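Read off the chains here:
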Amino acid sequence: MLHRTALVLALFAALPALAQTEVKREVAGNRTSENIPAIPDALLEQLNRYQNTRGAGVAGWTKTGCLLVSTRFAETAQVHRVCQPMGMREQLTFYPEPVGGIAPAPAKAWRDGFVFSKDRGGDEFSQLYWFDDATRSSTLLTDGKRSQNGGVELSHDGGLMAYSSTARNGTDRDVWLRNTRTGNTRILVDAGGSWTPLDFSPDGTRLLVMKYVSAAESYPGVVDVASGKLELFPVDGGKAAFGGFAFAPDGKAVYFISDEPVQGAAQEFRTLRFHDPASGTFEVLSRGIPWDAGGLTIADDGRHLAFVTNEDGISRLHVLALPSHAPVALPALPIGVIGGVAFSPDGKRLALTLNSATSPSDAYVIDLAGKTMARWTQSEVGGLDASKFIAPTLIRYPTFDQIDGGSAGKSRRTIPAFFYKPATPAKSGKYPVVINIHGGPEGQSMPTFNATAQYMANEMGVAMLVPNVRGSSGYGKTWLSLDNADKREDSVKDIGALLDWIATQPDLDASRVGVIGGSYGGYMVLASLTHYPERIRAGVDVVGISHFGTFLQNTENYRRDLRRAEYGDERDPAMAAVFERISPLNNAAKIASPLFVAQGRNDPRVPWTEAEQIVKAVRGNGQPVWYLLYADEGHGFRKKANSDWFNAATILFWQQHLLSGEQ
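Computed from a prediction, not measured in an experiment: that's the story for all the values here.

This brings us to the overall build of the protein chain. Helices and strands together make up the secondary structure of the protein chain, namely 11 helices and 37 strands. Since a compact globule built from 663 residues should have a radius of gyration of about 26 Å, the 25 Å found for the protein chain is in line with a globular shape. As displayed, the protein chain has an accessible area near 26400 Å², and 51% of this comes from carbon and sulfur atoms.

Below, the structure is given as structure tokens:
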């Protein structure tokens, strides 16, 4: 593999020797910016309240019945404890880097506390730590080196900790096992590929594990903890996607989420299933719901199971009584996106994180017997009037190809998108539009709280469209595969179809459209600018891919095969030719709109060289480019000051290049 710097220099040498635009560079601490004007104080002041919104996410319960939540009160998200509805949030961790991967000790554990993960500057080489509740001290559990560690599972008595780690060779994710009493650690599964632990049996003698290949392909199995013997489960149909996998309370049967065929019939969506090998009993528990199931969790007392379905981007919570599988009546929940589902130690309450387009994430607790729900946190919205926040509508627009409707014949395929429309009339009669494209590419945009979308709608009069183009998750396995390998640019055509739809809307200004996206969404921004230069006025690329070949060569070793499964293998000459044809770097001469590129220097997923090479190529064509590089960030901006400055610069970019009368 070529050294990154040598590779980039070689690419630049192959580019036409065109005049570069003038570059004005400013270095301020960890921030390097090029050609970005000074941000007016008035803009910073207007943005301030929107940038001081925050959320709280449920991480689990303590043994004493308090909630652990992740929230930010300073620069980064840290662990806090809340012990009653709307109670004080007591901060437990205090680090300059954000804390994540929080795994509380089980109710029957021999000690109280939690495991958490933390990296350095967004490099994603997260190390695991134990926070001890008795001493309020933290202890490093992993090697502290250039390894990635996460996916923690604790046995019911807290005596064993399983986790994924790349420590062995930097490429494969193995399953490691730590004895929490002695500190002894050993590799449990080293079968090659990307493995993660899922659930210990009640007696701690067996561990469910999963090998992840792609969003459409995983392989579950069980490993004997004492001997390390791994037994893979048969996969109906040979290849399938799996979600959660957990032992039933008896330790013999299992609950799992899969899109395997049922009685020979192919399944589009992942459903919750129950299988008892001893009796041969098999049930599809979410059969009547034509959407993906996820979020599987079982109460410690074995009396209830909870799962969440993703229905057109909206979450629905379901609770089943065990072992009958009878549905449990729940109080009405606000419409939104649910996460962090966790039963209390006694199994009588269910905590969850709820986020909506008009409210940041907060912690709620459901009393199962009383069928009531209490709010445990109320996160701040910067003093703004939340009643004026804009809730998006779900629209579907036709795209370029057709689907087979069976006896009904063929019909145009449609793309779902969330539409944030300002409440006040447009000054010019039509709203400017920003298209916000998610990453992944297997990600899914949901109607979650977006302070920037609210600012743009309420303060700038800009509409936002958030599409889920082909290749997004949540719409079935066929949809997920529609952009794979040499079909990559079909998703870009979905953006072209959205531009067509915008042109048909009487209240949207098709002459003032911008695009923004991160990671794969950044690639989509660059590709859209090369395909539709006369229809897109400006674009913002955040940690985006500019050439699939260089991206695959330079992404971290542990990610390379996972991304080849989605994008294609650059070592295949035919696929390499496709990459050469479609990569924005090779089509930079077609970009005729102002471009803003933002990147983290420590990004292990999309290396910073992807940003550097597209910036240089576009400037080589005489086009203006704003460029922002943070030395203390990775794949996105997680420190508040960095994120705030980037968002302010983005708003200024839209003001100058989208809202102005001239391009």
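Read on for the rest.
With that settled, consider the pairing of strand S31 (residues 410-420). Consecutive side chains of a regular strand alternate in pointing toward one face of the sheet and then the other. With nine bridges connecting them, strand S30 (residues 393-404) and S31 associate as antiparallel partners. Among the inter-strand pairings, threonine 393 is bridged to a residue of S31, identified as phenylalanine 419. Both S31 and strand S33 (residues 463-467) contribute to a ladder of four bridges, which runs antiparallel. Bridged to phenylalanine 419 within S33 is leucine 465.

All right, on to the sheet that holds strand S19 (residues 242-247) then. Read from one edge of the open sheet, four strands run S19-S20-S21-S22, paired in antiparallel fashion. Edge strands, defined here as strands with exactly one partner in the open sheet, are S19 and strand S22 (281-284). The sheet shows a mean angle of 15° between the axes of neighbouring strands, direction not considered. Here S19 pairs with strand S20 (residues 254-258) via four bridges, running antiparallel. Along S20, the bridge assignment pairs alanine 246 with tyrosine 255.

For the rest of this paragraph, the subject is the nonpolar core. Counting residues in hydrophobic clusters, the biggest one holds 62 residues, and the most contacted among them are Tyr397, Ile435, Trp501, Ile502 and Tyr523. Once residues within four sequence positions are removed from consideration, isoleucine 435 is found in contact with Leu465, Pro467, Ile495, Leu498, Leu499, Ile502, Val513, Gly514, Val515 and Ile516.

For helix H10 (residues 608-620), which comprises 13 residues, the first-to-last C-alpha distance of 19 Å matches the rise-based estimate of 18 Å (1.5 Å per residue) to within 8%. Of all 13 residues making up H10, 11 are buried, and the element is well covered by its neighbours. For H10, every residue scored as buried is listed here: Trp608, Thr609, Glu610, Ala611, Gln613, Ile614, Val615, Ala617, Val618, Arg619 and Gly620. Following H10 by one or two positions, glycine 622 has its phi on the positive side, about 85°.

With that settled, the discussion passes to the pattern of salt bridges. Between side chains of opposite charge, pairing is possible as soon as their charged atoms come close. A full pass over the atoms with the stated rule returns 33 salt bridges. With a shortest N-O distance of 3.8 Å, arginine 89 and glutamate 380 are connected by a salt bridge. Linking arginine 89 in the loop between strand S5 (77-82) and strand S6 (90-91) with glutamate 380 in the loop between strand S29 (372-375) and S30, this pair joins segments that are 291 residues apart in sequence. Judged by relative accessible area, arginine 89 falls into the buried class, the value being 16%. Take glutamate 380: its relative accessible area is 30%, and that puts it in the partly exposed class. For the salt bridge of lysine 421 with aspartate 507, the shortest nitrogen-to-oxygen distance reads 2.5 Å. Of the two residues, lysine 421 sits in the loop between S31 and strand S32 (431-437) while aspartate 507 sits in the loop between helix H5 (489-504) and strand S34 (508-518), which places them 86 residues apart along the sequence. We classify lysine 421 as partly exposed; its relative accessible area is 36%.

The subject of this paragraph is the pairing of strand S24 (residues 304-311). Of all eight residues that make up S24, eight are buried, and the element is covered over most of its length. Alternating positions in S24 separate into two faces, His304, Ala306, Val308 and Asn310 on one and Leu305, Phe307, Thr309 and Glu311 on the other, with burial throughout. The pairing of strand S23 (residues 292-298) with S24 spans five bridges and is antiparallel. Within S24, the position partnered with isoleucine 298 by the bridge is leucine 305. Here S23 hands over to S24 after five residues, with glycine 302 in that stretch at a positive phi of 75°. Sheet topology note: the S24/strand S25 (residues 314-321) ladder contains eight bridges and is antiparallel. Within the sheet, the bridge partner assigned to alanine 306 lies in S25 and is valine 319.

Quick look at the side chain of arginine 560 now. Looking at the element boundaries, arginine 560 is found in helix H8 (residues 557-567). Engagement of the side chain of arginine 560 in a polar contact is seen with the backbone oxygen of leucine 552, the distance being 2.6 Å.

Once that is clear, we can look at the sheet that holds strand S1 (residues 25-28). The mixed open sheet is built from 10 strands, whose spatial order is S1-S2-S37-S36-S35-S34-S32-S33-S31-S30. Each having just a single partner strand, S1 and S30 make up the two edges of the open sheet. Each adjacent strand pair in this sheet contributes to an overall mean axis angle of 20°, direction not counted. The sheet contact formed by S34 and strand S35 (residues 538-542) spans five bridges and is parallel. Each bridged residue has a counterpart across the sheet, and for glycine 514 the counterpart in S35 is alanine 538. Contacting S30, S31, S32, S33 and S34, H5 runs over the sheet at an angle of about 125° to S30.

What follows is about unusual backbone geometry. Following leucine 322, the chain continues to proline 323 via a peptide bond in cis, the omega torsion being 10°. Within the secondary structure, proline 323 sits in the loop between S25 and strand S26 (337-343). The omega torsion of the bond from glycine 440 to proline 441 falls at 5°, within 30 degrees of zero and hence cis. You can see proline 441 is positioned in the loop between S32 and helix H3 (451-460). A positive phi angle, close to 60°, is found at arginine 136, a residue other than glycine.

What counts, and where the lines are drawn
- Residues numbered from 1 in each chain as written.
- Predicted model: local features only at pLDDT ≥ 70, side-chain atom pairs only at ≥ 80, totals over all residues.
- Heavy atoms only, no water.
- Helix = DSSP H or I, 4+ residues; strand = E, 2+ residues; numbered from the N terminus.
- Rg over C-alpha atoms; globule rule 2.2 N^0.38 Å.
- Areas by Shrake-Rupley, 256 points an atom, 1.4 Å probe, with all protein chains shown as cover.
- Pairing = 2+ DSSP bridges.
- Axes fitted to C-alpha atoms, helices over the stretch in contact; angles between N-to-C directions.
- Core = buried A, V, L, I, M, F, W, Y, C linked by side-chain atoms within 4.5 Å.
- Buried < 20%, exposed > 50% of the residue type's maximum accessible area, 1.4 Å probe, protein only.
- Contact = heavy atoms within 4.5 Å.
- Expected span 1.5 Å × (residues − 1).
- Salt bridge = Lys/Arg side-chain N within 4 Å of Asp/Glu carboxyl O.
- Polar contact = N/O pair within 3.5 Å; in protein donor to acceptor, adjacent residues only side chain to side chain.

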